Every structure is written in structure tokens, then in C-alpha cells.
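These are the residues of each chain, in order.
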Amino acid sequence: MKTGYFTDPIFLRHDTGGHPENAGRLEAIRAKLESEGLLARFAQKSSRPATEQEVGLVHTIDYMHLVEEAALSGQQFLNTPDCVISEETYSAALHGAGAFVDAVTEVAAGRLENAFLACRPPGHHAEHQEAMGFCFFNNIAIGAAMLTRELGVQRVLIFDFDVHHGNGTQHTFEDRKDVFFSSIHQHPSTCYPGTGYEKEKGRGDGLGYTLNTPMQPYATDEDYLEVFHNLLLPAFREYDPDFILLSAGFDAHRDDPLAQVNLTQTAFDEMLTGMKQLALDCCQGRLVSVLEGGYNYERLSECVASHVTLLQSDPA
Ligand SMILES: [Zn+2]
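These numbers come from a predicted model, not from an experiment.

Participant: I'd like a description of the pattern of salt bridges, backed by residues and values.
Facilitator: Applying the stated rule across the entire model yields 16 salt bridges. A salt bridge links Asp240 to Arg155; its shortest N-O distance comes to 3.7 Å. Residue Asp240 is located in the loop between helix H7 (221–239) and strand E7 (243–248), and its partner Arg155 is located in the loop between helix H5 (139–150) and strand E4 (156–160); the two are separated by 85 residues in the primary sequence. Judged by its relative accessible area of 33%, Asp240 is partly exposed. Residues Arg155 and Asp242 are paired through a salt bridge, measuring 3.4 Å at the closest nitrogen-oxygen approach. With Arg155 in the loop between H5 and E4 and Asp242 in the loop between H7 and E7, the pair connects residues that are 87 residues apart, well separated along the chain. On the basis of relative accessibility, which here comes to 25%, the residue Arg155 falls in the partly exposed class. Judged by relative accessible area, which is 18%, Asp242 ranks as buried. What emerges from the salt-bridge pattern is a single network uniting Asp255, Glu298, Arg299 and Glu302.

Below, the structure written as C-alpha cells:
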């Protein structure tokens, strides 16, 4: 069975001008995969717009219409200058969510081994009815909600290793235990969005099913991998997920311009290898990974090429 690789030309048409989150990111990834002859290894999938019902699993319909109107009316940004918007932003954001729903559906049905989504705009900062941090619709939250509410999956694990806390994803699920959300990120006292403290552990039925591990600026591969192997993986194994989702941001790389963590590709590879093994041990390998941040084109494209190669390769 193959790894699905979901992407679509519409993701290039979310036009953000000179903003760090721009189409050049996906173009660099594409060029790298083509130059290494990697694309043919995957089941290549395009996307379709998510329906109102699908987006409505996480966002309000009023908010959907707000994004649509802002895009079509020529507004320059939504809510914050961080969230640059263009005429095709709404369509691109809907296609990202639609791709995520299709990816989890295909993996859940056993038609794909696992999947990666190279899409933009990213999603993990998007709140219930608020665009934040370059994000409009929360793709991974929509995917997790689809799994638990529509596809009968009982326990979904989301691991977010983007250097920024996945606030929107956490807030979507913090009062539920059928979605375990874990984020490793630069400490919120030094980094956007200013949430993701260790003390944020969920609430009500969800208490204990949010696990934040903030890391100090200049944290290294060793620092991350110690936390990953000694704290995170044991907690994930205890949860015994039925499906694993990854918010794969590569902006904790030492060469990334937007944050101060000092990882190399080694740490990203080792974390993915651990998550893939966990998926094989707990849930027949069922895993879907989605691109979030990563703003140094060269490093981003190298890390993604390695990420999808590891996703696709046979288990050791
Ligand atoms: Zn980020």
C-alpha cells in the first residue's frame, strides 16, 4: 500500500505577496521532490473544497462566510496583518480542509498506508471563529473531528511539532478525551502565540488529554529527543491511539527565520520514525501528516523530502 501525497495548484494561489508564508514554500518542496525523483513513489492526490458540513465540525458557518467575503471583497488581511488574504484564499483554505478529510478517510478505509498533505494556508493556529498566525481553517482539527464524529474512531492522537503552539487545535479539543493533543514548541514566554504552557492540560472530560512541552530558545536535537523519547512517546503509548495525526511544522529548524529553536533534520526524522513505529504498534500504521510552518525554503524542502521518504519506507 502506498503513502498518499496530497497537493493542489490552488494552494499556490493563496497570494500573500512578500509574507514569509508564501507560495515559494510549496514550490521549493515540489522542486526538491522532483529533482530527487521521489514523487512517483507516492499515490499523488489532488484536492476538493471541504463542504460546509465538514468545516462546520470545527468552525461556525458565520466565520466561513466571513473568510469568503473578506477574500472576494479584496480585503488585504483578516483579523490581523499576519493573516494576509487574497481572492483565492478562501478556495485554497477550503481545499486544504477537503484534502485532509479525504486523506483521513482513505487511510481509515485502508486504501492508503498513510498520507502527507503539502498545503497552504496552514491551519493549527485557526480558532473556532478567528483567523490567527497565517491560518484560516484548522485542517488537522477538521480531520480529527471527522475521524471521531463521522468515521467512528475512538482515540485520535495529534502530535504538533511546529515551533509554535497549536492553539487552535488545543482549544478545539481541550474538553474531550477522544482527541489527545500534544504540542512541543518554543516556550510561550518567548514565542508566538503566547499559549502552550505546561499547566494547560485540558479541562472537564479532557483533563489530562492535552500535553504541552514548551522548550527554551536555542533548544537542540538532544533536548527535543530526550523529551520525545522519555516523556511524550510513553504518554502516547499509554493513550493507545486508533489514529495518529501530525502537525508537521519545520520552523524549529536552526536555520528558520521565525523562531529560535536549533533543531537539525535529524530531530525531525527521529521524531517521525518514532511516531511511525507507534502507529504500526497501536493502529495498523494509520497516520496522516500535514504541513504547517517552515520558512527557510532549502531546509523546509530537505526536511519534507526526508519526512515523506520515511513515511513511505517499509518499517525497519
Ligand atoms: Zn510555526
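Read on, since the account is not over.
Participant: Give me the nonpolar core: which residues, what numbers.
Facilitator: Core analysis: the biggest nonpolar cluster contains 103 residues, and Phe137, Phe159, Leu245, Met275 and Val288 have the highest contact counts within it. Ranked by residue count, the leading element in this core is helix H4 (residues 89–108), at eleven residues. Those residues in contact with Val288, other than ones at most four positions away along the chain, are Phe100, Ala103, Val104, Val107, Ala115, Leu117, Phe243, Ile244, Leu245 and Leu246.

Participant: Go over the coordination of the zinc ion with me, naming the residues and quoting the values.
Facilitator: Put simply, the ideal angle at a metal is 109.5 degrees for four donors in tetrahedral geometry and 90 or 180 degrees for six donors in octahedral geometry. Every protein donor of the zinc ion is accounted for by Asp162 (OD), Asp162 (OD), His164 (ND1) and Asp251 (OD), and the metal-donor separations fall at 2.0 to 2.7 Å. Coordination at the zinc ion is irregular, judged from the four donor atoms that bind it and the angles of 53 to 152° they form at the metal. Mapped onto the polypeptide sequence, the residues donating to the zinc ion form the spacing pattern D-x1-H-x86-D. Here Asp251 lies in the loop between E7 and helix H8 (265–283) and Asp162 lies in the loop between E4 and helix H6 (167–173), a separation of 89 residues in the sequence. Take Asp251: its relative accessible area is 0%, and that puts it in the buried class.

Participant: Run through the environment of Glu270, naming residues and quoting values.
Facilitator: Within the fold, Glu270 resides in helix H8. Glu270 gets classed as partly exposed once you look at its relative accessible area, which sits at 33%. Once the C-alpha coordinates of Glu270 and Leu310 are considered, the two residues, 40 residues apart in sequence, prove to be 9.7 Å apart. For Glu270, the contacting residues outside a window of four places in its chain are Leu225, Phe228 and His229. A polar atom in the side chain of Glu270 sits 2.8 Å from the side chain of His229.

Participant: Kindly report on the packing of aromatic side chains, identifying the contributing residues and their values.
Facilitator: Going through the model one piece at a time under the given rule, you end up with 15 aromatic pairs. Taking the centre distance of 5.8 Å and the plane angle of 35° together, the rings of Phe159 and Phe228 count as tilted. Taken together, the residues Phe159 in strand E4 and Phe228 in helix H7 connect sequence positions 69 residues apart. Phe159 gets classed as buried once you look at its relative accessible area, which sits at 0%. By relative accessible area, which is 0% here, Phe228 ends up buried. Between Phe161 and Phe250, the ring centres sit 5.7 Å apart and the planes meet at 75°, which makes this aromatic pair edge-to-face.

Reading the values: the criteria
- Residues numbered from 1 in each chain as written.
- Predicted model: local features only at pLDDT ≥ 70, side-chain atom pairs only at ≥ 80, totals over all residues.
- Heavy atoms only, no water.
- Salt bridge = Lys/Arg side-chain N within 4 Å of Asp/Glu carboxyl O.
- Helix = DSSP H or I, 4+ residues; strand = E, 2+ residues; numbered from the N terminus.
- Buried < 20%, exposed > 50% of the residue type's maximum accessible area, 1.4 Å probe, protein only.
- Core = buried A, V, L, I, M, F, W, Y, C linked by side-chain atoms within 4.5 Å.
- Contact = heavy atoms within 4.5 Å.
- Donors = N, O, S within 2.8 Å, 3.2 Å for Na, K, Ca; no water.
- Tetrahedral: all angles 85-135°; square planar, octahedral: opposite > 155°, others 65-115°.
- Polar contact = N/O pair within 3.5 Å; in protein donor to acceptor, adjacent residues only side chain to side chain.
- Phe/Tyr/Trp six-rings, centres within 6.5 Å; stacked < 30°, edge-to-face > 60°.

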